[in-house]
Amino acid sequence: MKNEILKVIKESVDSLAFSGIPTEAEFEVSVPKRKEFGDFSTNTALVIGSMTGENPREVAKRIVAAIEKRQFTFIERLDIAGPGFINFFVNKTLFESELREILRLGGQYGASREGSGQKVIVEFVSANPTGYLHFGHARNAVVGDSVCRILSFCGYEVTREFYVNDAGRQMDMLGESVYSALARLSGLAREIPEDGYHGEYISELAEEIRESEECPQVPGDEPEAVEFCREFAYSKLLEEIKTDLLDLRVDFDNWYSERTEIHGRGPEKGKIGETLASLEDIDAVEEKEEARWFKASLYGDGKDWVIIKKDGAPTYFLSDIAYHVDKYSRGFSWIINVWGADHHSHVSRLKSSIKALGLDESSLQVLLMQFVRLVRDGVEVPMSKRTGDFVTLREVLREVGCDATRFFLLMRSSDSHLDFDLSLAKKESSENPVYYVQYANARISSLLRNSAEAGVSASEEHLGLLSYDEERNIVKILLRFPEVVHSAAESLSPHKVVYYLQELAAGFHFYYNRTRILDSGDADTASARLYLARCVQVVIENGLGLLGINAPRSM
RNA sequence: GUCCCCGUAGCUCAGUUGGAUAGAGCGCAGGAUUCCUAAUCCUGAGGCCGCAGGUUCGAAUCCUGCCGGGGACGCCA
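Residues numbered from 1 in each chain as written. Chains lettered and ligands numbered in written order. Predicted model: local features only at pLDDT ≥ 70, side-chain atom pairs only at ≥ 80, totals over all residues. Heavy atoms only, no water.

**Some words on the overall build of chain A**
So, step 1. Helix and strand counts for chain A come out as 19 helices and 15 strands.
So, step 2. Judged by the C-alpha coordinates and their principal axes, chain A covers about 90 × 65 × 40 Å.
So, step 3. Restricting to contacts in chain A with at least 6 residues of sequence separation, those with at least 24 account for 72%.
So, step 4. Put simply, chain A shows about 25700 Å² of open surface, and 47% of that area lies on carbon and sulfur atoms.
So, step 5. Averaged over its 64 positive side-chain charges, chain A has a centre that lies 5 Å from the centre of its 88 negative ones. (Helix = DSSP H or I, 4+ residues; strand = E, 2+ residues; numbered from the N terminus. Contact = heavy atoms within 4.5 Å. Areas by Shrake-Rupley, 256 points an atom, 1.4 Å probe, with all protein chains shown as cover. Lys, Arg positive; Asp, Glu negative; His and termini not counted. Charge placed at Lys NZ, Arg CZ, Asp CG, Glu CD.)

Following this line, the structure appears as structure tokens:
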């Protein structure tokens, strides 16, 4: 509907032939919050005024005259207000046809084809398989997942990928830590290395190994036993990670193993070797202080970085370059990484490497997530304990449930720090915003359940009976859904959907309290009101679906 | 020292590609249920949009500087 208004404006502006207006000039059509500003409003005259130097109100007058001359039946009235806004008051039949459209589209209302099947890869979580997921990973997981849902809804072909960092020193540390614990169980005086892993799960893994049939001899061939411990712990922990993520309703298409996909057999082979060779071919590598450096400063980053260490092993940075080259070669036109804010310096250095290799770094976008602070009753809960244990995702899920966890983690813009209030998330009361939205949906389901008994069914026949003033507010909120989805996709911001749903739920609760729906006096009015309620439900379900949150029929 | 994010109501935060009288939730004070789910609704109080300059018809929004909080800064991942 907004597009129709915009079309009218553009045609009218064209007919007036203002001088000095670029054809692609951007005019904005918005739905004003204040109803005296009309159903739609545009800043067109202000934009033109600032380009031509004319008085915006005079410009507005000419545009209004041009539109009025064409006598559109759906426009009831035009106003010029403030510095030169043009406000549209439209015929209510337009709203009625939009309501019919919502139910016709159902689960597809708000979806679009703007992605036109472009391939996009979203890499997120990518936690090291050296421990359980802690709660800090949860924000990344939930936001990444929701971004994927939103992009799919907008017509992108989305691949969800978890990059498994199963190569390198961290994995060796894991093996040695578990082996040490195993050795202690066998009565050897042995400490877990200082920079190893110290959580309780390490001894639990050791105990599992001891009870398994393949348990290596201790003491015995130590390197072999350490390797066994590493592999055992790795596969076990990766399974635990998958389990936790599924409990959070986060699923991946690819579990991309660094070890097998990137490293191949040693640093001179596989994708690591190829990438190193490509960088050397363009003379972007130099030897210094016995190490080899990528000259990132030549490609827009502040400084150079080591890619091959003194000991000849590749750094994480090099395998990361190789990994991203691989993403490009898999044909993705949009590459999205969801990273923690502590990785921010990696963004420019990774981009500089992409640029150096002649790839288009503008298709690589990194969504940096600010940190989460856990709070209980207003007091910060430390995320990690001295023992090396963390507050795990699993604990929080068990305590507050998936819906509340997701809702709270999605509520804030990702570049804002987030306080996760455990006591609030757990509350099943009016203070908790999760239930506010779900409750609106449950109420509507209840109405639909009761409708048969009341002899009412949702019908589009009598939508004209909806009172223009009373129900219009809800319709206008419903109509905004597609643009909210668009905006959330464009800016990778699921929180926009959260805010929107709260507003929609508020609109419905207000209406519900004020208006009888089923027993509204006559069956025709009731059928129209029920129809409207059904539309609200469609949008709430679609919106919650984008957030991965359930829409229960009863509460 | 350099770079990134943030600073908006008592608290937690939206709004930031410049637009009309800056919003929400929580908290606080009061009120609403003979009737479709009160996990709801209504009313009220509460603001130098961190500070100071600049850009212009117009700045919470853009630019510069400063202050405060968080994070990152070569052989860890």
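**Considerations on the side chain of Asn 337**
So, step 1. On the secondary structure map, Asn 337 appears in strand S11 (residues 334-340).
So, step 2. Since its relative accessible area comes to 0%, Asn 337 is described here as buried.
So, step 3. A distance of 2.9 Å separates polar atoms of two side chains, one belonging to Asn 337 and the other to Lys 327. (Buried < 20%, exposed > 50% of the residue type's maximum accessible area, 1.4 Å probe, protein only. Polar contact = N/O pair within 3.5 Å; in protein donor to acceptor, adjacent residues only side chain to side chain.)

**Side note on the domain arrangement of chain A**
So, step 1. When cut into domains, chain A gives domain 1 (2-90), domain 2 (169-247) and domain 3 (430-546).
So, step 2. Centre-to-centre, using C-alpha coordinates, domain 1 lies 31 Å away from domain 3.
So, step 3. With 6 residues of domain 1 in contact, the opposing surface of domain 3 contributes 6 residues.
So, step 4. In total, domain 1 and domain 3 occlude about 550 Å² of area from one another, counting both sides; carbon and sulfur atoms represent 41% of this.
So, step 5. The interface formed by domain 1 and domain 3 includes 2 salt bridges.
So, step 6. Put simply, Arg 472 and Asp 39 hold a salt bridge, and the shortest N to O gap is 2.8 Å.
So, step 7. Within the side of domain 1 that touches domain 3, the residues separate by chemical class into 2 nonpolar, 1 polar and 3 charged. (Domains from an automatic or database assignment. Buried area = accessible area lost by both parts, 1.4 Å probe. Salt bridge = Lys/Arg side-chain N within 4 Å of Asp/Glu carboxyl O. Nonpolar A, V, L, I, M, F, W, Y, C, P; charged D, E, K, R; others polar.)

**So, a negative patch on the surface**
So, step 1. Where like charges cluster on the molecular surface, the negative patch consists of Glu 200, Glu 204, Glu 207 and Glu 211.
So, step 2. Within the secondary structure layout, Glu 211 lies in helix H7 (residues 200-211). (Patch = residues over 30% accessible without salt bridge, like charges linked within 9 Å, V, L, I, M, F, W, Y side chains within 5 Å.)

**A word on the pairing of strand S15 (residues 418-421)**
So, step 1. With burial as the criterion, only one face of S15 is covered, namely that bearing Leu 418 and Phe 420; the residues Asp 419 and Asp 421 on the opposite face remain uncovered.
So, step 2. Relative to S15, strand S13 (residues 372-376) runs parallel, the two being bridged by 4 bridges. Bridge assignment links Val 372 to a residue of S15, and that residue is Leu 418. (Pairing = 2+ DSSP bridges.)

**What to know about the pattern of salt bridges**
So, step 1. Applying the stated criterion across every chain yields a total of 35 salt bridges.
So, step 2. For Lys 61, the salt bridge identified is with Glu 58, shortest N-O distance 3.7 Å. Of the two residues, Lys 61 and Glu 58 both sit in helix H3 (residues 56-69), 3 residues apart, roughly one turn of that helix.
So, step 3. Judged by relative accessible area, which is 42%, Glu 58 ranks as partly exposed.
So, step 4. Between Glu 541 and Arg 553 there is a salt bridge whose closest N-O contact spans 3.9 Å.

**Here's the deal with helix H1 (residues 2-16)**
An α-helix turns once every 3.6 residues. As a result, residues three or four positions apart point the same way.
So, step 1. Taking 1.5 Å of rise per residue, 15 residues should cover 21 Å, and H1 covers 21 Å from first to last C-alpha, within 8% of that figure.
So, step 2. Buried within H1 are the following residues: Ile 5, Val 8, Ile 9, Ser 12 and Val 13. For H1, the buried positions fall inside an angular range of 125 degrees around the axis, keeping them on one side. Pointing more than 90 degrees away from the buried face of H1 are the exposed residues Asn 3, Lys 7, Asp 14 and Ser 15.
So, step 3. Buried residues along H1 sit in contact with strand S1 (29-30), strand S2 (40-42), helix H2 (44-52), H3, strand S3 (75-81) and strand S4 (85-90).
So, step 4. Of the residues one or two after H1, Ala 17 is the one with positive phi, at around 50 degrees. (Expected span 1.5 Å × (residues − 1). Arc of directions from axis to C-beta.)

**Comments concerning the sheet that holds strand S8 (residues 285-288)**
So, step 1. Pairing in this open sheet of 3 strands is antiparallel, and the strands run S8-S9-S10 from one edge to the other. Of all the strands in the sheet, just S8 and strand S10 (305-308) have a single pairing partner and so form its edges. Taken over all neighbouring pairs, the strand axes of this sheet differ in orientation by 45 degrees on average, direction set aside.
So, step 2. Across the sheet, helix H11 (residues 316-329) touches strand S9 (291-294) and S10, and the angle it forms with S10 is around 80 degrees. (Axes fitted to C-alpha atoms, helices over the stretch in contact; angles between N-to-C directions.)

**Observations concerning H3**
So, step 1. Between the first and last C-alpha of H3 there are 20 Å, a value that for 14 residues agrees with the 20 Å anticipated at 1.5 Å per step.
So, step 2. Taken as a whole, H3 has its buried residues at Val 59, Ala 60, Ile 63, Val 64, Ala 66 and Ile 67. The arc that holds every buried residue of H3, seen down its axis, measures 160 degrees, which confines them to one face.
So, step 3. Where H3 is buried, its residues touch H1, H2, S3 and S4.
So, step 4. Put simply, Asn 55 is the residue that caps the front of H3, since its side-chain oxygen is 2.9 Å from the backbone nitrogen of Arg 57.
So, step 5. Immediately beyond the C-terminal end of H3, within one or two residues, lies Gln 71, with a positive phi of roughly 50 degrees.

**Quick look at unusual backbone geometry**
So, step 1. In this chain, Val 218 is followed by Pro 219 through a cis amide linkage whose omega measures -5 degrees.
So, step 2. Within the secondary structure, Pro 219 is located in the loop between H7 and helix H8 (222-247).
So, step 3. At Glu 289, a residue that is not glycine, the phi angle is positive and equals roughly 50 degrees.
So, step 4. Along the chain, Glu 289 turns up in the loop between S8 and S9.
So, step 5. Take Glu 289: its relative accessible area is 59%, and that puts it in the exposed class.
So, step 6. Phi at Glu 290 is positive, roughly 70 degrees, even though this residue is not glycine.
So, step 7. For Glu 290, the location among the structural elements is in the loop between S8 and S9.

**Looking at the sheet that holds S1**
Hydrogen bonds between backbone atoms are what pair the strands of a sheet, whose relative direction is either parallel or antiparallel.
So, step 1. The sheet built from 4 strands is open, its strands ordered S1-S2-S4-S3 with antiparallel pairing. Two strands in the sheet have a free side with no partner beyond their single neighbour: S1 and S3.

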